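Descriptive analysis of the structure
For reference, the chains in residue letters:
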Amino acid sequence: MTAYDQPDANGHFGPYGGVFVGETLVHALDELRDAYARYRDDPEFVTEFEYELRHFVGRPSPVYHARHWSEQIGGAQIWFKREDLNHTGAHKVNNCIGQALLARRMGKRKVIAETGAGQHGVATATVAARFGMECKVFMGSEDVRRQAANVYRMKLLGAEVCEVDSGSRTLKDAMNEAMRHWVTNVEDTYYIIGTVAGPHPYPAMVRDFQMVIGCEALVQMPEAAGRQPDVVVAAVGGGSNAMGIFYPYLTHDAVRLVGVEAAGDGLETGRHAASLTLGTPGVLHGNRTYLLQDVHGQIQETHSVSAGLDYPGVGPEHAWLKDVGRAEYQTVTDTEALAAFHDCCRLEGIIPALESSHALACARRMAASMSPDQIILVNLSGRGDKDIHTVAERGGIVF
Ligand SMILES: *Cc1c(COP(=O)(O)O)cnc(C)c1O
């Protein structure tokens, strides 16, 4: 579909990506790579994937002209790609369906996942119920406490939530535990990773399952807006919603691609999650990429008002796109994201996820210095129902 040929056979995006895992996982990853290579273009697999996206997820998601907000800003026209309208309320389900279908073909009856904020756990539990698979979700006990509603959703959907009590009791500890469980149960268990990170083939595979977002936009924008956008903007946590919309646009050189990282309390405070902006290359979770680490290689604590962006690494393909200059990465603080959140609610009648609100804030900043005949397309990665308590705590309207 594109002239773009990354990653190479070993999963390298330039100097990034690859497979940095212990001996025990090499076989499992080889098996996964072979299965994915076999099925990714298999007509039956593709047909089933497309059927599920249409009938279970509700795709295609529309593109939408945020006319009122654009007028108020007085610059470029802002459009949304409405991933918030998907079943389960975000883009993550696209990828979970693809991986669950692959797991079935590999003869694995059980799926596992790890989750921080709980969104990927809910998406995984959802597809496990849909396909009749047993599901375990690993989650740090601190996150279990903070994300009680998502824990309850997972349980309603029939998943077992496995609390992890080691380390800081958050996402990275849950990832280690999920890896450990996978190593010992690889015969019947498939590990669904939720973003474009982890060892090869996950970054490329998750991107491929998410690129339906950009493929739809490529067709929809000329129909609805008369042409392709000048800029595509997306929030970057691990980077899957951004890769999903960027990838089909990579060969459209006239389209600027802008990823938005969380600046938290401000880059100068050290309380942020801007791995591409302020990080340095290193190895985490099985791949080489930009990381927030100290001079000894210790991973630093991250902060963002948005739990989905609160991750010290980033997918290796973004690291490479940054280095070669095909995508650019900007940052947005908690305060700026919250302001964009409220604008979107009141001027467009859409309550956006706090992750997506980072992309909205960046779009607002860019639009102001552009002309009304220009177009910015924002990937509205999810809806914000999950975030209303956070917004209320941060000085929004009293809950
Ligand atoms: C998880 C999540 C993100 C961040 O993950 P990416 O892999 O960077 O896309 C962004 N938006 C929403 C709504 C999410 O749930």
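Everything quoted here is computed from the prediction, not taken from an experiment. (Residues numbered from 1 in each chain as written. Predicted model: local features only at pLDDT ≥ 70, side-chain atom pairs only at ≥ 80, totals over all residues. Heavy atoms only, no water.)

**Re the overall build of the protein**
A count of helical and extended segments in the protein gives 16 helices and 14 strands. Here the C-alpha radius of gyration of the protein, 20 Å, is about what a compact globule of 399 residues would show, namely 21 Å. With respect to the principal axes defined by its C-alpha atoms, the protein has extents near 55 × 45 × 45 Å. Counting all 399 residues of the protein, 60% fall into the buried class. Once local pairs closer than 6 in sequence are excluded, the contacts in the protein between residues at least 24 apart make up 73%. Seen as two clouds, the 36 positive and the 49 negative side-chain charges of the protein have centres 3 Å apart. (Helix = DSSP H or I, 4+ residues; strand = E, 2+ residues; numbered from the N terminus. Rg over C-alpha atoms; globule rule 2.2 N^0.38 Å. Buried < 20%, exposed > 50% of the residue type's maximum accessible area, 1.4 Å probe, protein only. Contact = heavy atoms within 4.5 Å. Lys, Arg positive; Asp, Glu negative; His and termini not counted. Charge placed at Lys NZ, Arg CZ, Asp CG, Glu CD.)

**Considering the site of the ligand**
Among the 15 residues in the neighbourhood of the ligand, the closest are listed as Lys92, Thr195, Gly239, Ser240 and Ser381. One of the backbone N or O atoms of Gly238 is found 3.2 Å from an oxygen atom in the ligand. The backbone of Gly239 places a nitrogen or oxygen atom 2.7 Å from an oxygen atom of the ligand. Relative to its unbound accessible surface of 380 Å², the ligand loses 97% to contact with the protein. Formed jointly, the shell around the ligand draws a minimum of three residues from each of two domains, domain 1 (13-53 + 92-207) and domain 2 (60-89 + 211-394). (Near = heavy atom within 4 Å. Polar contact = N/O pair within 3.5 Å; in protein donor to acceptor, adjacent residues only side chain to side chain. Areas by Shrake-Rupley, 256 points an atom, 1.4 Å probe, with all protein chains shown as cover. Domains from an automatic or database assignment.)

**Some details on the UniProt feature "domain: Tryptophan synthase beta chain-like PALP" (unreviewed entry) in the protein**
When the UniProt feature table is mapped to this numbering, "domain: Tryptophan synthase beta chain-like PALP" (unreviewed entry) covers residues 58-382. For residues 58-382, the helix share is 42%, the strand share is 20%, and the end-to-end C-alpha distance is 14 Å. (UniProt positions renumbered as here; feature names shortened; annotations may be inferred.)

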